Number of protein chains: 2
Amino acid sequence: MRDLPEQIEGYGAVRAHDDGTGPAPCRSKLLADLDAAIAACELSDGATVSFHHHLRNGDAVLNMVLDRLAARGLKNLHVAATSIFPVHAPLVGHIRAGTVTRLSASFISGPVGEAISHGLVPHPVVLRTHGGRARALDMGELQVDAAFVAAPAADEMGNLSGRVGPTACGTLGYPLTDVEVARRVIAVTDTLVPFPAPAIDIPQGKVHHVVAVDRIGDPTGIASGTTTPATDPVSTRIGDTAAAVIAASGLLADGFSFQTGAGGISLCTAAAVGRLMTDQGVTGSFCAGGITGFHVDMLNAGLFRALMDVQCFDLAAVRSYQSDPRHQMMSAATYAAPHIGGAVVDRVDAVVLGAAEVDLAFNVNVTTKAGGIVIGGSGGHADTAAGARLTILTTRLTAAGFPKIVPHVGTLTTPGATVDVVVTDHGIAVNPLRPALTERLHAAGLALCGIETLCDQAARLATRPAPPNPSGRIVAVSEYRDGSVTDVIRQIEDGHTNA
Amino acid sequence: MRDLPEQIEGYGAVRAHDDGTGPAPCRSKLLADLDAAIAACELSDGATVSFHHHLRNGDAVLNMVLDRLAARGLKNLHVAATSIFPVHAPLVGHIRAGTVTRLSASFISGPVGEAISHGLVPHPVVLRTHGGRARALDMGELQVDAAFVAAPAADEMGNLSGRVGPTACGTLGYPLTDVEVARRVIAVTDTLVPFPAPAIDIPQGKVHHVVAVDRIGDPTGIASGTTTPATDPVSTRIGDTAAAVIAASGLLADGFSFQTGAGGISLCTAAAVGRLMTDQGVTGSFCAGGITGFHVDMLNAGLFRALMDVQCFDLAAVRSYQSDPRHQMMSAATYAAPHIGGAVVDRVDAVVLGAAEVDLAFNVNVTTKAGGIVIGGSGGHADTAAGARLTILTTRLTAAGFPKIVPHVGTLTTPGATVDVVVTDHGIAVNPLRPALTERLHAAGLALCGIETLCDQAARLATRPAPPNPSGRIVAVSEYRDGSVTDVIRQIEDGHTNA
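Everything in this summary refers to the structure shown in the same document. Each chain carries its own residue numbering, running from 1 in the direction its sequence is written. Chain labels run from A onward and ligand labels from 1 onward, assigned in the order the entries are written. With pLDDT at 70 or above as the cut-off, local features in this predicted model cover only qualifying residues; side-chain atom pairs require 80 or more to be listed or tallied, and sums for whole chains, interfaces and linings still use all residues. To get the side-chain values, all heavy atoms of the structure are used, and hydrogens and water are removed first.

1. Structural notes on the pattern of salt bridges
Right, on to step 1. Each reported salt bridge corresponds to a side-chain nitrogen of Lys or Arg within 4 Å of a carboxyl oxygen of Asp or Glu. Summed over all chains, the structure comprises 30 salt bridges over all chains.
Right, on to step 2. Here R347 of chain B and E156 of chain A are joined by a salt bridge, their closest N and O atoms 2.5 Å apart. You can see R347 of chain B sitting in the loop between α11 (332-336) and β19 (350-353) and its partner E156 of chain A sitting in the loop between β9 (153-154) and β10 (160-161), one on each of two chains.
Right, on to step 3. Taking the relative accessible area as the measure of exposure, E156 of chain A reaches 25% and is therefore partly exposed.
Right, on to step 4. Its salt-bridge partner being D35 of chain B, residue R72 of chain B comes within 3.3 Å of it at the nearest N-O pair. One end of the pair, R72 of chain B, is in the loop between α2 (61-71) and β5 (77-81); the other, D35 of chain B, is in helix α1 (residues 34-40), with 37 residues separating them in the sequence.
Right, on to step 5. Each residue is placed in one exposure class: buried if its accessible area under a 1.4 Å probe, protein chains only, is under 20% of its type's maximum, exposed if it is over 50%, and partly exposed if it falls in between. For R72 of chain B, a relative accessible area of 39% puts it in the partly exposed group.
Right, on to step 6. One salt-bridge network, held together by shared partners, links D35, R68 and R72 of chain A. Numbering of helices and strands starts at the N terminus; helices are DSSP runs of H or I of at least 4 residues and strands are runs of E of at least 2.

2. Details of the interface of chain B and chain A
Right, on to step 1. With 72 residues of chain B at the interface, the matching set in chain A holds 72 residues.
Right, on to step 2. The term buried area denotes the loss of accessible surface (1.4 Å probe radius) that occurs when two parts are joined, taken as the sum for both partners. Carbon and sulfur atoms make up 54% of the area that chain B and chain A hide from each other, which totals about 6000 Å².
Right, on to step 3. Taken as a group, R2, R27 and R347 of chain B account for 12% of the area that chain B buries against chain A, more than any other trio of residues on that side.
Right, on to step 4. The interface formed by chain B and chain A includes four salt bridges. In what follows, a contact means two residues having at least one pair of non-hydrogen atoms within 4.5 Å.

3. Notes on the sheet that holds strand β10 (residues 146-151) of chain B
Residue and element names in this part refer to chain B.
Right, on to step 1. Strand order in the open sheet formed by 10 strands is β3-β14-β13-β10-β4-β5-β7-β9-β28-β29, with mixed pairing between adjacent strands. Where the open sheet ends on each side, the last strands, each with one partner, are β3 (30-31) and β29 (485-490).
Right, on to step 2. Bridge count between strand β4 (residues 48-51) and β5: four bridges; the pairing is parallel. Looking at the pairing, V49 lines up with V79 of β5. A pair of strands is considered paired only if DSSP assigns at least 2 bridges between the two.

4. A word on the relation of the copies chain B and chain A
Right, on to step 1. Overlaid copies result from least-squares superposition on C-alpha atoms, with residues included only where pLDDT is at least 70 in both. Mapping chain B onto chain A calls for a rotation angle of 180 degrees and an axial translation of 0.0 Å; the resulting RMSD is 0.0 Å. Both chain copies can therefore be described as sitting about a two-fold axis. Every residue of chain B has its C-alpha some distance from the rotation axis, and the shortest such distance is that of E180 of chain B, at 4.5 Å.
Right, on to step 2. A symmetric contact is evident, with 100% of the interface residues of chain B recurring at the interface of chain A.

5. Concerning the side chain of T391 of chain B
Residue and element names in this part refer to chain B.
Right, on to step 1. Counting through the fold element by element, T391 comes out in strand β22 (residues 390-395).
Right, on to step 2. Residue class for T391 comes out buried when judged on its relative accessible area of 0%.
Right, on to step 3. At 3.1 Å, the side chain of T391 forms a polar contact with the backbone oxygen of A385.
Right, on to step 4. For T391, the side chain forms a polar contact with the main-chain oxygen of T418, separated by 3.4 Å. Contacts described as polar in this section are N or O atom pairs within 3.5 Å, which, within protein, must combine one atom able to donate a hydrogen with one able to accept it, while residues neighboring in sequence count only if both atoms come from side chains.

6. Some thoughts on unusual backbone geometry
Residue and element names in this part refer to chain A.
Right, on to step 1. The linkage connecting F195 with the following residue, P196, adopts the cis geometry, with an omega of -10 degrees.
Right, on to step 2. Not every positive phi belongs to a glycine, and E42 is a case in point at roughly 50 degrees.
Right, on to step 3. Mapped onto the elements of the fold, E42 is located in the loop between α1 (34-40) and β4 (48-51).
Right, on to step 4. Backbone geometry places F362, a non-glycine residue, at a positive phi of 65 degrees.
Right, on to step 5. Tracing the backbone shows F362 in the loop between β18 (357-359) and β19 (364-365).
Right, on to step 6. Judged by its relative accessible area of 1%, F362 is buried.

Written out as structure tokens, the structure reads:
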């Protein structure tokens, strides 16, 4: 022991080193099972547990963890998921049992959405955008006690990879944001690899415990729904029209950046844009967002030079991320958070989005279906609409007999002020807030109409009237990316008939 | 505007969305010059500014930034660097002028070290280990107002790469920790690339401003000092002996993990260990720490299957990181921080370290030279010694005529309780706290002696007596990785003659 003063001017109090070695080195974070990890996190009633949706409708981790939390007798938990899918139906049982009484997510589809609309969750569910959720985490509005990371591969120190193992899902953009702020992080893997894991996507410094289980999910569930361009003539026509709008906007020049969803019409648009780029010799810069094999094909065709990927939407995208350094991961925060000043969405030239409903003020609903049942939420919808230079909504005028262009959307997810153009199978309407864009599309010879015209036509084509919105208590709150509230979702009364 | 309640039970107060688009998208973080970036950070007198040393003795950014801070008339700044090299001599002028009055770092060599020892810095300098600095940042003990990141390449949104551009330095493990906590992050680059940057090492979500300058440094300065094995017979003998110790310890089996510094004797040891591994058919798991071309060669020879790299020590390592996915980056926190529970140093089987002095309690000094002038600091020395299963100190008995095995080290950097073996050109001494290791080395036929014997021999071989330690005011504090104090460094009196 050195002879040290107790206090040093300009430094402060001195805590003398005790000549020991300090805490013993920690050479493994592997615990026996989920129960041990849950115990190690000292979770108590009312805790917030977070999950991500990279395994989409193939995810087994959320159900597995909630079963164990329930078995331990925990109550009043808050499940802070990035997205909830039909595969998470067992969550309804945990809500009924009082294990889970709060829920927040960016997208909720399937039985859990129905349960919310029927008033099963005692506290209002909070629906956030992907960027808004990252902001809420960063700013401490959403505090997570334990983040459970479904890890396709992990070593026993907690280095996690989305690129290795039978359940490889590609990038891990969503948990990358959770692990920065969660009080505890538990990696759940079915592929324990020797230290150090190859292709580390989340480093060990962010992970507290590792648990190995038989399987974290079904990789075939990653590609939920279509991730290829639609081939029917209506979708093709909408896609061609949307591509013509992008070309007419003046944005389709070298360096062009692009985002689409994974839906059939969105990818039809991407295909049409790709043909225009080839014809005109345009080389784009990047595609962003959730990435499909179709985007990978565009990269490999030389149409773009990079992919910025928050989540792989299919296994072709996973394979690309495994092997191509031009295909890079971004976190949810980097992708879409509004508080950092310059998210990737801010660099997107054109985004093509879908809609459940659009109204006369160009407001978009992607949260509830006709009748008011929760079927989704913003995900990145409102984020990309706010960031991109050109936001195009593509939709048919009707679906399932209901009109999709309506006087007032059932739920306001994405504010009309951030939507530039609506492209339908019966015409194009430009937001009157964008006179310069109207000018350009006119000059390019595109026929435009007012949104009112499309709304009238939709009403004529509809075979069923839009049912009234439910009027019960507030069961969910739709937050904009900055935390302000765009709308509330109300409980469906008993006996109310839904579409 | 929707009709929203002001308050929702179970949710709280409602801030209604104002139907606007929110803040305008930010499509570039590029500012005109360093002055604009400094102004944007609103730095004031007494601010803490941080720097990293990936460009080592080729770094131009610290000097450049301090010149601008001085020109703006700022005073009493705290420079929180990872390491200071001879190239940073102009910092002495900024200290004299009162621009900088506080300094902290993990390693300080050259004129700044001399200035500290002569009492030029008004407040005690804080010397932390690499892991201790990361811990202090994470825990808020070290609060950074602006982190300046020398970025070999950057796009205008702040995606940074160490793998691109004429000044490519490889991994960016040190700033990776700073950018997580600094109030503002300024990237300084000489290679502005189109968005998105390829091979992103630090993502845009962590960077506030980007500034382009003519050059951030001289890449030939990255390899400061030797990064190849020494070839002289004394070094070779020490290296062979150290390798024999590792073999005798029982650790040299499949999965073996290894760390060495970049010095000649350390790499001699690595070469000897490599030969033993080849002879015995052992395949190791990883090498960690600062990485040299020699470590890359061992990877490519199949002796190890991964490199965990906090900093590339030469251009061969840079090239490897640019192209080989087995060569992975780790942050300073992941590498060495003691508060996370399981740093990479905890997974190292054997580490070979150097020493300025070792004493009878196996305490090590790598902070001051004989006479007390600051010539270094722990860097990762104390971190790896605490984490590794086997810590070997290699040293000659004397240097420049002074003894290196001494009764008491001039400055205690690394506690003897974490040091297992001292290997010299005149014998091997095992720490008496490790009887089982003594047993194994005996069994392997290695001749051992007491540390006292080595100390006596060093005294006999020395041609100059160890000068007394300086006795002036405290000019620096040596912190252990947990923030406790291992020692203080005192001012050299005027007229005192130094070696």
